[in-house]
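# Topology and contacts: notes
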Amino acid sequence: MSLKIRLSRGGAKKRPFYRIVVADSRYPRDGRFIERLGTFDPLKAKDAADRLVVDAEKAKTWIAKGAQPTDRVARLLETVGVGKREARNNPQKSQPKKKAQERAAAAAAAAEKAAGAEAPAA
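So, here's what we can say about the structure. Every chain is numbered independently, its residues counted from 1 as its sequence is written. Two thresholds apply to this predicted model, a pLDDT of at least 70 for residue-level local features and 80 or more for giving and counting side-chain atom pairs, whereas whole-chain, interface and lining totals are computed over all residues. Side-chain numbers come from the whole structure's heavy atoms, not from hydrogens or water.

The next subject is the overall build of the protein. Along the backbone of the protein there are three helices and five strands. Each helix and strand of the protein, placed in order from N terminus to C terminus, yields the pattern β-β-β-β-α-β-α-α. Radius of gyration here is computed from C-alpha atoms only, and the compact-globule reference equals 2.2 Å multiplied by the residue count raised to the power 0.38. The globule rule puts the C-alpha radius of gyration for 122 residues at 14 Å, and the 24 Å found for the protein is more than 25% above it. Along the first, second and third principal axes, the C-alpha set of the protein runs to 75 × 35 × 30 Å. When accessible area is computed with a 1.4 Å probe and restricted to protein chains, residues below 20% of their type maximum are described as buried, those above 50% as exposed, and intermediate ones as partly exposed. A buried classification covers 23% of the 122 residues belonging to the protein. Across the protein, contacts joining residues at least 24 apart in sequence account for 30% of those joining residues at least 6 apart. Using a 1.4 Å probe, accessible areas were evaluated by the Shrake-Rupley method; residue-level cover was limited to the displayed protein chains. Only carbon and sulfur atoms are counted for the fraction: they give 52% of the accessible area of the protein, which is about 9,100 Å². Between the centroid of the 28 positive side chains of the protein and the centroid of its 14 negative side chains there is a distance of 6 Å. Where helices and strands are cited, they refer to DSSP runs of H or I of at least four residues and of E of at least two residues respectively, numbered from the N terminus. What makes two residues a contact is simply this: any of their non-hydrogen atoms within 4.5 Å. Working convention for charge: Lys and Arg count positive, Asp and Glu count negative, and His plus the chain ends are omitted. By convention, the point assigned to a charge is CZ for Arg, NZ for Lys, CD for Glu and CG for Asp.

Next comes the structure, spelled out in structure tokens:
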């Protein structure tokens, strides 16, 4: 049984409210869970005290038992002081490909050359 600490969505349409729960990874997102650890209200101000309410001791206990927090929950738990979230390696797929990089380098060289030709004339 692989346990996850994840968000369970509640609230009305376009008014989200989340519960931080421990659940089996096979359970539905908003369905069955083992234990509720706290709440998260993203609509409240970031400095509001009741925006994130978490029982840190329960969270530490479940992590010690092997429960894996999702990325978002790991970020939230880090703000409370439970665990340290490791930096993710973002993929480089959005980088321009080889030909686009060559075109950009050629355009930069042409702009530099044009700026160099205008500077001495002035």
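Following the structure, the description resumes.
It is worth spelling out unusual backbone geometry at this point. One non-glycine residue, Lys-14, lies in the positive phi region at around 60°. The topology assignment puts Lys-14 in the loop between strand E1 (3-12) and strand E2 (15-24).

One side chain can pair with another of opposite charge once the charged atoms of both are near each other. The salt bridge criterion pairs a side-chain nitrogen of Lys or Arg with a carboxyl oxygen of Asp or Glu, the two atoms within 4 Å. Counted according to the given criterion, the structure contains five salt bridges. In this structure, the salt-bridge partner of Lys-84 is Glu-78, at a minimum N-O distance of 3.2 Å. Taking relative accessible area as the criterion, Glu-78 reaches 27% and is therefore assigned partly exposed.

Our next topic: the sheet that holds E2. If you trace the five strands from one edge of the open sheet to the other, you get E4-E3-E2-E1-E5, paired in mixed fashion. Looking at strand neighbours, the two that pair on one side only are strand E4 (52-54) and strand E5 (68-69), the edges of this open sheet. Whether two strands pair comes down to DSSP finding at least two bridges between them. Relative to E4, strand E3 (residues 35-40) runs antiparallel, the two sharing three bridges. Residue pairing in the sheet places Phe-40 in a bridge with Leu-52 of E4.

Turning next to helix H2 (residues 71-80). Of all the positions in H2, only Val-73, Ala-74, Leu-76 and Leu-77 are classed as buried. Around the axis of H2, the buried residues are gathered within 165° of arc, so they sit on the same side. Looking at the buried residues of H2, the elements they touch are E1, E2, E3, E4, helix H1 (56-65) and E5. Backbone geometry just after H2 places Gly-81 at a positive phi near 100°. Think of the arc as the fan of directions from the helix axis to the C-beta atoms.

These figures capture arrangement, not role.
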